[in-house]
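Residue-level structural notes
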Amino acid sequence: MMLNDAERFSLDELCALADLPRRTVRFYIQEGLVDRPEGAKRGAYYTRDHLEQLLTIRKWQRAGLSLERIRELAAGPVEGVDLPPERPRRPGDVTVRSHVLLRPGVELVIEPREAGLTPEEVRALARQAAALFDRLKKETTR
């Protein structure tokens, strides 16, 4: 497909449209976050796809995502999701979990967000788990 001149941008034009310095755009290209330009050397040019990649990176950075996370998201599309999906947990990641003491020596560990539970549902689960524990103890001590 041939692009007309209005759909081709020099590096300076691309930087102006994305409101980013040349150095940043080149860094993104070097890091693989943005595709390399079409053509070579003095004939190299950028397209609307490059501009979209830069605007997407800026949007995600403003949302607080790291470049590492943006790289993961750029590697694979997620259909029907407006917000970036959670990154799979890896060794060394830190998570916060709720530890609910049911009885001495018995604890329920929950990551409510991952489990999709509201605080009320967590409390209901803890009550039911404690009742189940009590019933089990009662039945085994007879």
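So, here is what we can say about the structure in this document.

Reading guide: rules and limits
Residues numbered from 1 in each chain as written. Predicted model: local features only at pLDDT ≥ 70, side-chain atom pairs only at ≥ 80, totals over all residues. Heavy atoms only, no water. Pairing = 2+ DSSP bridges. Helix = DSSP H or I, 4+ residues; strand = E, 2+ residues; numbered from the N terminus. Salt bridge = Lys/Arg side-chain N within 4 Å of Asp/Glu carboxyl O. Buried < 20%, exposed > 50% of the residue type's maximum accessible area, 1.4 Å probe, protein only. Axes fitted to C-alpha atoms, helices over the stretch in contact; angles between N-to-C directions. Parallel < 35°, antiparallel > 145°, perpendicular 65-115°, else oblique. Contact = heavy atoms within 4.5 Å. Nonpolar A, V, L, I, M, F, W, Y, C, P; charged D, E, K, R; others polar. Phe/Tyr/Trp six-rings, centres within 6.5 Å; stacked < 30°, edge-to-face > 60°. Lys NZ or Arg CZ within 6 Å of the ring centre and 35° of its normal. Arc of directions from axis to C-beta.

Inspection of the sheet shows strand 1 (residues 98–103) paired to strand 2 (residues 106–110) by 5 bridges, in the antiparallel sense. Opposite Val100, over in strand 2, you have Leu108 as the bridge partner. Counted along the chain from strand 1 to the antiparallel partner strand 2, the turn is 2 residues long, and its residue Gly105 has a positive phi close to 90°.

Right, let's get into the pattern of salt bridges. In a structure, side chains of opposite charge can pair up when their charged atoms sit close to one another. Under the defined criterion, the tally for this structure stands at 4 salt bridges. A salt bridge links Arg22 to Asp12; the nearest nitrogen and oxygen atoms lie 2.5 Å apart. Of this pair, Arg22 sits in helix 2 (residues 22–30) while Asp12 sits in helix 1 (residues 11–18), placing them 10 residues apart in sequence. In this structure, the salt-bridge partner of Arg71 is Glu31, at a minimum N-O distance of 2.8 Å. Here Arg71 is found in helix 4 (residues 67–75), whereas its partner Glu31 is found in the loop between helix 2 and helix 3 (48–62), with 40 residues between them in sequence. Arg71 gets classed as partly exposed once you look at its relative accessible area, which sits at 31%.

This part takes up the packing of helix 1 against helix 2. A pair of packed helices is characterised by two quantities: the angle between their axes and the separation of those axes. It is at 9 Å that the axes of helix 1 and helix 2 come closest, and there the two elements cross at 100°. Relative to helix 2, the element helix 1 lies roughly perpendicular. Where helix 1 abuts helix 2, its residues Leu11, Asp12, Leu14 and Cys15 lie against Arg22, Val25 and Arg26. Class assignment for the residues of the contact of helix 1 with helix 2 results in 4 nonpolar, no polar and 3 charged.

Within the structure shown, the criterion is met by 1 aromatic pair. The ring of Tyr45 has Arg8 lying over it, and the distance from NZ or CZ to the ring centre is 4.1 Å.

What follows covers helix 2. Looking at helix 2, one finds that the buried residues are Val25, Tyr28 and Ile29. Taken down its axis, helix 2 places every buried residue within 100° of arc, on the same side. When the buried face of helix 2 is taken as reference, the exposed residues oriented beyond 90 degrees from it are Arg23 and Gln30. Here the buried face of helix 2 lies against helix 1, helix 3 and helix 4. Immediately downstream of helix 2, the backbone of Gly32 shows phi near 80°, a positive value.

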